[in-house]
Amino acid sequence: MRLTETADVWWKNAVIYCLDVETFFDTDGDGRGDLRGVCQRIDHLAELGVTCLWLMPFYPTPDRDDGYDVTDFYGVDPRLGTHGDLVELIMLARDRGMRVIADLVVNHTSDQHPWFKSARASRQSPYRDWYVWRDEPPPDAEKGVVFPDKEKSLWQYDEQAGQYYLHRFYRYQPDLDIANPEVREEIERVIGFWSAIGLSGFRVDAVPFLLDTSGSQDAADLPDPHDYLRDLRAFLDRRHGQSMLLGEVNLEYPDLRRFFGDEDGDELTMCFDFNLMQRLYLSLARNDPAELVKTLRERPDPPEEAQWGTFVRNHDELTLDKLSDAERQEVFDAFGPDENMQLYGRGLRRRLPPMLGNDPARLRMVYSLLFSLPGTPVLFYGEEIGMGENLAAADRQAVRTPMQWTADPDGGFSTADPSRLPAPMVEGEFGPQNVNVAAQRRDPESLFNWLKLLIVRYRECPELSWGTCTVLDTGVASVFAHRSDHDGGTIVALHNFAPESAEVSVAVAGTGVGVRAVDLLTDGTADVRDDGVLSLDLAPYGCRWLRIVHPGDRYLV
Ligand code: NOJ
């Protein structure tokens, strides 16, 4: 394929890195990370190979849901910096070949947003209809509560307003009414504004809830909410042709596919794949990739220029909501048996390395999967060095602890008193003394250097992101093998889910005369047998990436 295509459709083989400005690097000693801190650490991201930086909400906020409760969609929280700092960051990132995207949290506002303050104060307020009100909560008010430990209903009575308002999440996050054309237009203005400042797209929070108009009165008369998503995407394309929308859509595949739009992909550019992530954990718990294989077979192809967003951890709990109760219990038993590790009865508030007993081979195997499965890998800060969680922190804060730059007790994150940090540092085996950037940059065997290698290879093999993925038969239940083919190129990847070594044989070429399987990660290049079969040994939790090279091929090997 022409490599230029991979640059035009940049999200299709990007490496996305999510960070919370607040917990990344503090330059002014107030205990909170800041935008200038991200600027200071841009070369760490560049060295890792990140091509797209996703900033979690940096807007003014009372911070009751870690910034997902916004009081000004056009603002920058003064505790994190200024618009000027953000522009500097975008410029610096651009200079390092990185785009910047940000969370767009417009399903709801904070209850402290001036719109809501005005709306609740009077029925005559021009903002009253920007929210969803009822005199009585509907009979199904308790259905679909997202944070069941804190909320029992989706409807909250407001004394001042004299009515109930809809809130999908916490009660201090009243839902905006997307059915209202003024709200729709305002959201366009918001994305127009940030795009003009230089953002290359948005991670769209809670998309199915954003589009859900069932709470509005007369919902039946409303236009199809997907029309709105289409409009939003068309607006963004008109303004900035290379911008993208990466949606949080945690639905089953048939419903989820709709959010990409039609065959040409006229709605979301990317959707996170929560299904694959959950089945991957079940497969890991079982040392058997069968569930992963099944999911890959069921997963619909996104439109040609759209892409799945793949991930193994994010800033929320590791949700296991798509598994059956028995399957979820298997994952809990394997990776989070203590109640304190679990959240909302459906997920785990842990990071990957502690879940895997910090087994280096197993960790390497999981990240090798992340970068070789079809989809654009999305990393959460700290994953590149194998950070752990702090279960002493409140619910999801456990995985949102400060970044660990050095071996100092404060991880080199901030000079402030520890009591002022947004979340406590991790301690013990995964604390800064044992897990930090400075040490891993210098250690060729570190997880950081492993991820760097995976990223370089992933970027130079467009087959992985653009290709057709086929699961291969290995004859060994614990070994997952797949090939990705694109434009004459073939990459074969093998992953051993078990703690025992395995001997596998896979058919990789019609006829194998003169064909070689060039190892892309370590030194294990092998000849393919004349019948096209490749035989090799895989170490316990071993993984291999092989480029199939025919006589006369001229790949970068
Ligand atoms: C999804 C975000 O990922 C989560 O962190 C947040 O609490 C809710 N949406 C509400 O915005």
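Conventions adopted
Residues numbered from 1 in each chain as written. Predicted model: local features only at pLDDT ≥ 70, side-chain atom pairs only at ≥ 80, totals over all residues. Heavy atoms only, no water. Near = heavy atom within 4 Å. Polar contact = N/O pair within 3.5 Å; in protein donor to acceptor, adjacent residues only side chain to side chain. Nonpolar A, V, L, I, M, F, W, Y, C, P; charged D, E, K, R; others polar. Pairing = 2+ DSSP bridges. Helix = DSSP H or I, 4+ residues; strand = E, 2+ residues; numbered from the N terminus. Contact = heavy atoms within 4.5 Å. Patch = residues over 30% accessible without salt bridge, like charges linked within 9 Å, V, L, I, M, F, W, Y side chains within 5 Å. Areas by Shrake-Rupley, 256 points an atom, 1.4 Å probe, with all protein chains shown as cover. Salt bridge = Lys/Arg side-chain N within 4 Å of Asp/Glu carboxyl O. Lys, Arg positive; Asp, Glu negative; His and termini not counted. Charge placed at Lys NZ, Arg CZ, Asp CG, Glu CD. Core = buried A, V, L, I, M, F, W, Y, C linked by side-chain atoms within 4.5 Å. Buried < 20%, exposed > 50% of the residue type's maximum accessible area, 1.4 Å probe, protein only. Axes fitted to C-alpha atoms, helices over the stretch in contact; angles between N-to-C directions.

Student: Give me the lowdown on the site of the ligand, citing residues and values where you can.
Tutor: Looking at the ligand, there are 13 residues lining it, with Asp65, Asp205, His315, Asp316 and Arg396 nearest. Here an oxygen atom of the ligand sits 3.1 Å away from a polar atom, N or O, in the side chain of arginine 203. In the model, an oxygen atom of the ligand is placed 2.5 Å from a nitrogen or oxygen of the aspartate 316 side chain. Per-class residue counts for the shell around the ligand are 4 nonpolar, 2 polar and 7 charged.

Student: Describe the sheet that holds strand 5 (residues 155-158), and please don't skip the residues or the numbers.
Tutor: Two orientations exist for strands paired in a sheet by backbone hydrogen bonds: parallel and antiparallel. As summarised here, the arrangement of the 3 strands in space is 4-6-5, forming an open sheet in which the pairing is antiparallel. Across the chains shown, the open sheet's two edge strands, defined by having one partner strand only, are strand 4 (133-134) and strand 5. In the sheet, strand 4 pairs with strand 6 (residues 163-166) via 2 bridges, with the strands oriented antiparallel. From the neighbouring strand, tryptophan 133 faces strand 6, where its bridge partner is tyrosine 165.

Student: Kindly report on the side chain of arginine 279, identifying the contributing residues and their values.
Tutor: On the secondary structure map, arginine 279 appears in helix 10 (residues 274-286). Filtering out sequence-adjacent residues up to four positions away, arginine 279 remains in contact with Glu291, Leu292, Thr295, Lys322, Leu323 and Glu327.

Student: Which residues make up a negative patch on the surface, and what are the values?
Tutor: Residues Asp8, Asp262, Asp264, Glu304 and Glu305 make up a contiguous surface patch of negative charge. In this fold, glutamate 305 is placed in the loop between helix 11 (290-298) and strand 10 (307-310).

Student: Give me the nonpolar core: which residues, what numbers.
Tutor: Core analysis: the largest hydrophobic core is formed by 145 residues, its most contacted members being Tyr17, Leu19, Leu53, Tyr281, Tyr367 and Phe371. Contact partners of tyrosine 281, with chain neighbours within four places excluded, come to Val312, Arg313, Leu318, Val331, Phe335, Leu352 and Met355. Counting residues in hydrophobic clusters, the runner-up holds 18 residues, among them Val492, Ala509, Val528 and Leu534.

Student: Tell me about the sheet that holds strand 2 (residues 52-55), and name the residues and values.
Tutor: Strand order in this closed barrel of 8 strands is 1-2-3-7-8-9-10-14, and the pairing throughout is parallel. Averaged over all adjacent pairs, the angle separating strand axes in this sheet is 25°, with direction ignored. As paired elements, strand 10 and strand 14 (residues 376-380) share 2 bridges and run parallel to each other. Considered in strand 14, the bridge of glycine 309 is made with threonine 376. Lying on the sheet, helix 14 (residues 360-372) is in contact with strand 10 and strand 14; it crosses strand 14 at an angle near 135°.

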